Structure formats: C-alpha cells, structure tokens
Amino acid sequence: DTEVTQTPKHLVMGMTNKKSLKCEQHMGHRAMYWYKQKAKKPPELMFVYSYEKLSINESVPSRFSPECPNSSLLNLHLHALQPEDSALYLCASSQEGGRRNTGELFFGEGSRLTVL
Amino acid sequence: LAKTTQPISMDSYEGQEVNITCSHNNIATNDYITWYQQFPSQGPRFIIQGYKTKVTNEVASLFIPADRKSSTLSLPRVSLSDTAVYYCLVGDTRAGTASKLTFGTGTRLQVTL
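Since the structure is predicted, the reported quantities are computational estimates derived from the model, not experimental observations.

Colleague: Explain the overall build of chain A here, please?
Modeller: Helix and strand counts for chain A come out as zero helices and 11 strands. Listing the helices and strands of chain A from first to last along the sequence gives β-β-β-β-β-β-β-β-β-β-β. Taking 13 Å as the expected radius of gyration for a compact globule of 116 residues, we find that chain A reaches 14 Å, a close match to that expectation. Here the C-alpha coordinates of chain A stretch approximately 45 × 25 × 20 Å along the principal axes. Buried residues in chain A amount to 47% of all 116 residues. For chain A, the accessible surface area stands at approximately 5,900 Å², while carbon and sulfur atoms represent 49% of it.

Colleague: For this particular structure, what's the right way to read the state of the cysteines?
Modeller: In protein structure, a disulfide is the covalent linkage between the sulfur atoms of two cysteines. For the structure on display, the rule yields two disulfides over all chains. The partner cysteine of Cys23 of chain A in its disulfide is Cys91 of chain A, sulfur to sulfur 1.9 Å. As the torsion about the S-S bond is roughly -75°, the Cys23 of chain A-Cys91 of chain A disulfide counts as left-handed. Here the residue Cys23 of chain A occupies a position in strand β3 (residues 18-25), and Cys91 of chain A occupies one in strand β9 (residues 87-94), the gap between them amounting to 68 residues. Both residues of the pair, Cys23 of chain A and Cys91 of chain A, count as buried. Disulfide pairing is shown between Cys22 of chain B and Cys88 of chain B; the S-S distance is 2.2 Å. Disulfide Cys22 of chain B-Cys88 of chain B: torsion about the S-S bond near -80°, hence left-handed. Of this pair, Cys22 of chain B sits in strand β2 (residues 18-23) while Cys88 of chain B sits in strand β8 (residues 84-91), and the two are 66 residues apart along the sequence. Like Cys22 of chain B, the residue Cys88 of chain B is buried in the burial classification.

Colleague: Looking at this structure, I do not really get the nonpolar core. What am I missing?
Modeller: The nonpolar side chains of soluble globular proteins are, as a tendency, buried together. Counting 23 residues, the largest nonpolar core has Trp34, Phe64, Leu76 and Leu78 of chain A as the members making the most contacts within it. When residues of this core are traced back to their parent elements, those giving at least two are β2 (10-13), β3, β4 (31-37), β5 (44-50), β7 (64-70), β8 (73-79), β9 and β11 (111-115) of chain A. When neighbours within four sequence positions are excluded, Leu78 of chain A is seen to be in contact with Leu11, Met13, Asn17, Lys18, Lys19, Leu21, Arg63, Phe64 and Leu113 of chain A. Residues Ile64, Leu75, Cys88 and Val90 of chain B belong to the second largest nonpolar core, which totals 20 residues.

Colleague: For this particular structure, what's the right way to read the sheet that holds strand β7 (residues 70-75) of chain B?
Modeller: Within a sheet, adjacent strands bond to each other through the backbone by hydrogen bonds, running parallel or antiparallel. Residues and elements named next belong to chain B. Spatial ordering of the open sheet is given by β2-β7-β6-β5, a layout of four strands whose pairing is antiparallel. Lying at the two open borders of the sheet, with one neighbouring strand each, are β2 and β5 (53-56). Direction aside, neighbouring strands of the sheet carry axes that sit 15° apart on average.

Colleague: I keep staring at the environment of Ala28 of chain B and nothing clicks. Help me out?
Modeller: Residues and elements named next belong to chain B. With respect to the secondary-structure elements, Ala28 resides in the loop between β2 and β3 (32-38). Given a relative accessible area of 38%, Ala28 falls into the partly exposed group. Note: C-alpha distance between Ala28 and Arg68 (40 residues apart in sequence) is 9.2 Å.

Colleague: I'm lost on the environment of Gln6 of chain A in this one. Help?
Modeller: All names here are of chain A. By secondary structure assignment, the location of Gln6 is in strand β1 (residues 4-7). Using a relative accessible area of 4% as the deciding quantity, one classes Gln6 as buried. Taking the C-alpha atoms as reference points, Gln6 and Gly110, separated by 104 residues in sequence, lie 6.1 Å from one another. When sequence neighbours within four positions are dropped, the list of residues in contact with Gln6 reads Lys22, Cys23, Trp34, Tyr89, Leu90, Cys91, Gly108, Glu109, Gly110 and Ser111. At 2.9 Å, the side chain of Gln6 forms a polar contact with the backbone nitrogen of Cys91.

Criteria and thresholds
In this numbering scheme, every chain counts its residues from 1 along its sequence in written order. Think of it this way: whatever chain is written first is A, whatever ligand is written first is 1, and the rest follow in order. Thresholds applied to this predicted model are a pLDDT of at least 70 for local features of residues and 80 or more for the giving and counting of side-chain atom pairs; totals over whole chains, interfaces and linings are not thresholded and use all residues. Only hydrogens and water are set aside; all other atoms, that is, all heavy atoms of the structure, feed into the side-chain values. Under the DSSP-based scheme used, a helix requires at least four consecutive residues in state H or I and a strand at least two consecutive residues in state E, with every element numbered from the N terminus. In this description the radius of gyration comes from C-alpha coordinates, and the expected globular size is given by 2.2 Å times residues to the power 0.38. Here the term buried applies to any residue with accessible area under 20% of the maximum for its type, exposed to any over 50%, and partly exposed to those in between, with areas from a 1.4 Å probe on protein chains only. Using a 1.4 Å probe, accessible areas were evaluated by the Shrake-Rupley method; residue-level cover was limited to the displayed protein chains. Criterion for a disulfide: a pair of cysteine sulfur atoms at a distance within 2.5 Å. For this analysis, a nonpolar core means a set of buried residues of the types Ala, Val, Leu, Ile, Met, Phe, Trp, Tyr and Cys, connected via side-chain atoms within 4.5 Å. Pairs of residues are marked as contacts when any of their non-hydrogen atoms sit within 4.5 Å. We call two strands paired when DSSP finds no fewer than two bridges between them. Note on method: axes are straight lines fitted to C-alpha atoms, helices fitted across the in-contact stretch only, with angles between N-to-C directions ranging 0 to 180 degrees. Polar contacts, as counted here, are pairs of nitrogen or oxygen atoms within 3.5 Å of one another; within protein the pair requires one atom able to donate a hydrogen and one able to accept it, and residues that are adjacent in sequence qualify only if both atoms are side-chain atoms.

Now the structure itself:
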C-alpha cells in the first residue's frame, strides 16, 4: 500500500466555522507533512511531524492547528480562516532515517478548501 | 538551503525528448537532487533522484555534472500525458525531516500533437 489518503477532497467553510482535514498512510512512514498550494504556485511547507512530534512549523498562523494522533494519522484543524486561506492542502509522508531512506515524499491528492 | 532555478515553462511535441535544466549553485556536499511531477489538482509524484553523474529509471534520466551546480531531467519521447509541472528539489534527503525540502517555482511542460 503506497497511498496517502486525504479527506475530504473538497471543503467549503465560512470564516466562523471549525473544520478538520484528515490524512492517513499505512506505509510505516514516521514523518508526515502538511503543504499548502495556491493556484499556479509551488507547494509551501506548513508543518512537519517526525515520530508523532511536531518538528517544523513554518510560522503558520494559529488558525491552523496540526495534530498527529498516531504514526498513521495526521489532522489539520481549521478555525476562523480567511478567504485567502483557500487553497489545495496536501499531506505527504516519508521514511525517517535508515540507510536506504531516499527522503521520497509520498503525497495525497489533496483537500481543496474554499473559505467564504 | 540550496535555492533552485528552473525555466518557467517549456513546450514540446509528442514523441520528442525533453530536457529540463535546474540550476542550484549553492548545493551542499550532502544534498541530493530530486525531481517531482505534478498534474493539476493532484499531489506531486517522485520521478527520480541523484547525487552525481547519471541516473536512469523507467521514466526519466537525470544528468548531473561534476560540479553539481546544475542538473538536467531528461524525458524520452514525451506524450500528451507528460503535460505537467516539474519541480527540482535540492536537499539532504537522507537526513530525513531535519532537512526540509522547498519546492521552487517549477517548470510547466506543455506537450502537443
């Protein structure tokens, strides 16, 4: 199983709503990532979890709150978002360490978020 | 982190070989060069990775000169389905998440008949 599964595929929310994006992988990867991608722009790194601990936060506003309940799951909790937060949110995973680790990122298909 | 520079876009006809060059002048000793492909509304997909000289797999070749300050992704005989954005990333991928990878602007390849 080489898949990273993201739900929901599409999400529309108002600025006062609270919602969550979910990501799941069963490849035994111990690193998981959230990226944000605006139209015609490259993915921008938001958060990195390594062994279920937050290792990188790229100065993301607190209205985005990541959570890693276990090694297979990664959530992104959304609250009080702004219309400019509308984007494709991509989850990825990779191996951590090991001599054969190439650092390859496995991406999900993304969750398309629209904030009204 | 090594910054990368790629052409913004390229056009090709089906059946031709396409070479996309990436410049990474401040690549570090432990850095690897990795290329990803992204179709619209999908996550990027790993294509190939190399450290030096030439690497080939079933979909592409990667040429890296001795000074490693640039690299060239070569796609043999492209088809319409190769129309996508191609990203070059440089970083110490063996170090795991200790080396966060940054996507550059990418190259938008358009293949036509």
